[in-house]
Amino acid sequence: MRSRTMQITRMFPTAIAASALALSACAAGPVGNTRVPEPAKAVEFERYQGLWYEFARYDNRFERGCEGVTARYAKLPDGLISVLNTCRKGAPDGPAKSSDGRAKPVGDAKAAKLKVSFFGPFFFGDYWVLDRADDYSWAIVGEPSGRYLWILTREAQPSAERRRDLLARVKGLGYDLGLLRMTRHGEGTP
C-alpha cells in the first residue's frame, strides 16, 4: 500500500504541470498560424517608436472588450523600451484603461524581436515585428506560438487600400484571417 501511495504522490506534480499546460493553451486561444515566420526586416527603433493604432488583432483575454486600442513606444535611458498600451472599454469612446510595460531587444542586431513585460521583471512575453512598411507606417506583430497577432498602423482609420494590403500580407505570412478581430476607433480619432 505504501508503494502505491508513493507512486501516486510522485505522479501528482507531473499531473498538475500537464494540467496547467493544457489550461494555459486553452486560455490563450486558438492557434492562427502553426508556422510563424521569422521577422522579415530589421527594425530601427528610433523609427518604430511613437504612437501606433491597433487596426486588428487576434482576440485575447487581456484585450477582451477593448476598442480604440493604441500602443506608444519610447526608448528609456537604461536601454529598455517603455510600452504604454491603452484601450477604451466597450466602445471607441469608452473609459480608457492603460497598461505600462517594459521591453528589451533580444537576439541579433535586427532588433525585430523583443521581450515585453507588463507584470514585473519575471514574466516576459515574445513580441516579434514580423513585417513592417519601409516608412514605418504599419507593422505586423506576432510571437512564436501563433496565438497572438496584432496589425498596427500610424493612423486610426487606414484607407480601404491599406486595409486590403495589410490583410493580404497577414495571409501571406500564414495567418488565419478568420480569427482576426477588427479594432474600432472613434470617428474623431486622427
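Residues numbered from 1 in each chain as written. Predicted model: local features only at pLDDT ≥ 70, side-chain atom pairs only at ≥ 80, totals over all residues. Heavy atoms only, no water.

### Digging into the overall build of the protein
At step 1: Within the protein, the secondary structure is distributed over three helices and nine strands.
At step 2: For the protein, the sequential pattern of α-helices and β-strands runs α-α-β-β-β-β-β-β-β-β-α-β.
At step 3: Within the protein, counting contacts between residues at least 6 apart in sequence, those at least 24 apart form 56% of the total.
At step 4: Carbon and sulfur atoms make up 58% of the accessible area of the protein, which amounts to about 11000 Å² in all. (Helix = DSSP H or I, 4+ residues; strand = E, 2+ residues; numbered from the N terminus. Contact = heavy atoms within 4.5 Å. Areas by Shrake-Rupley, 256 points an atom, 1.4 Å probe, with all protein chains shown as cover.)

### Considering the nonpolar core
At step 1: Residues Tyr48, Tyr73, Ile81, Tyr127 and Leu152 are the most contacted members of the largest nonpolar core, which totals 20 residues.
At step 2: At the level of elements, helix 2 (45–48), strand 2 (66–75), strand 3 (81–89), strand 5 (113–117), strand 6 (125–132), strand 7 (138–142) and strand 8 (149–153) are the ones that each hand at least two residues to this core.
At step 3: In this view, Ile81 contacts Phe45, Tyr73, Ala74, Leu76, Gly101, Arg102, Ala103, Pro105 and Leu114; residues no more than four positions away in its chain are not counted.
At step 4: Residues Phe55, Leu149, Ile151 and Tyr175 belong to the second largest nonpolar core, which totals 16 residues. (Core = buried A, V, L, I, M, F, W, Y, C linked by side-chain atoms within 4.5 Å. Buried < 20%, exposed > 50% of the residue type's maximum accessible area, 1.4 Å probe, protein only.)

### Looking at the packing of aromatic side chains
At step 1: In this structure the tally under the stated criterion is seven aromatic pairs.
At step 2: Between Tyr148 and Trp150 the ring centres are 6.0 Å apart and the planes differ by 5°, which places this aromatic pair in the stacked class. The same class applies to Tyr148 as to Trp150, namely buried.
At step 3: Following the ring pairs from residue to residue traces out a cluster consisting of Phe45, Tyr48, Trp52, Tyr73 and Tyr127.
At step 4: Its guanidinium or amino end placed over the ring of Trp128, Lys113 lies 4.1 Å from that ring's centre, counting from NZ or CZ. (Phe/Tyr/Trp six-rings, centres within 6.5 Å; stacked < 30°, edge-to-face > 60°. Lys NZ or Arg CZ within 6 Å of the ring centre and 35° of its normal.)

### Brief notes about the confidence of the model for the protein
At step 1: With 79% of its residues at a pLDDT of at least 70, the protein reaches an overall mean of 84.
At step 2: Taken together, the stretch residues 4–27 has pLDDT below 50 and engages in two contacts with residues farther than four places along the chain or on a different chain. (pLDDT = per-residue confidence, 0-100.)

### Here we look at the state of the cysteines
At step 1: Tallied over the entire structure, the rule returns one disulfide.
At step 2: At a sulfur-sulfur separation of 2.3 Å, the disulfide partner of Cys66 is Cys87. What sets the handedness of the Cys66 and Cys87 disulfide is the S-S torsion sign, and at about -50° it is left-handed. Residue Cys66 is located in strand 2, and its partner Cys87 is located in strand 3; the two are separated by 21 residues in the primary sequence.
At step 3: Classification of Cys66 as buried rests on a relative accessible area of 2%. (Disulfide = S-S within 2.5 Å.)

### Things to note about the environment of Gly90
At step 1: Structurally, the position occupied by Gly90 is in the loop between strand 3 and strand 4 (96–105).
At step 2: Residue classification places Gly90 among the exposed residues on the basis of a relative accessible area of 54%.
At step 3: Counting along the chain gives 24 residues from Gly90 to Cys66, while the straight-line C-alpha distance between them is 5.9 Å.
At step 4: Beyond its immediate chain neighbours, meaning those up to four positions away, Gly90 contacts Gly65, Glu67 and Arg184.

### Considering the pairing of strand 1 (residues 50–58)
At step 1: Counting buried residues in strand 1 gives seven out of nine residues, a clear majority hidden from the surface.
At step 2: Here four bridges tie strand 1 to strand 2, and the two strands are oriented antiparallel to one another. Within strand 2, the residue paired with Leu51 across the bridge is Arg72.
At step 3: The pairing of strand 1 with strand 8 spans four bridges and is antiparallel. Across the sheet, Glu54 pairs through a bridge with Leu152, a residue of strand 8.
At step 4: Of the strand pairs in this sheet, strand 1 and strand 9 (residues 180–182) are connected by three bridges, and their pairing is antiparallel. Note that in strand 9 the partner of Tyr58 across the bridge is Leu180. (Pairing = 2+ DSSP bridges.)

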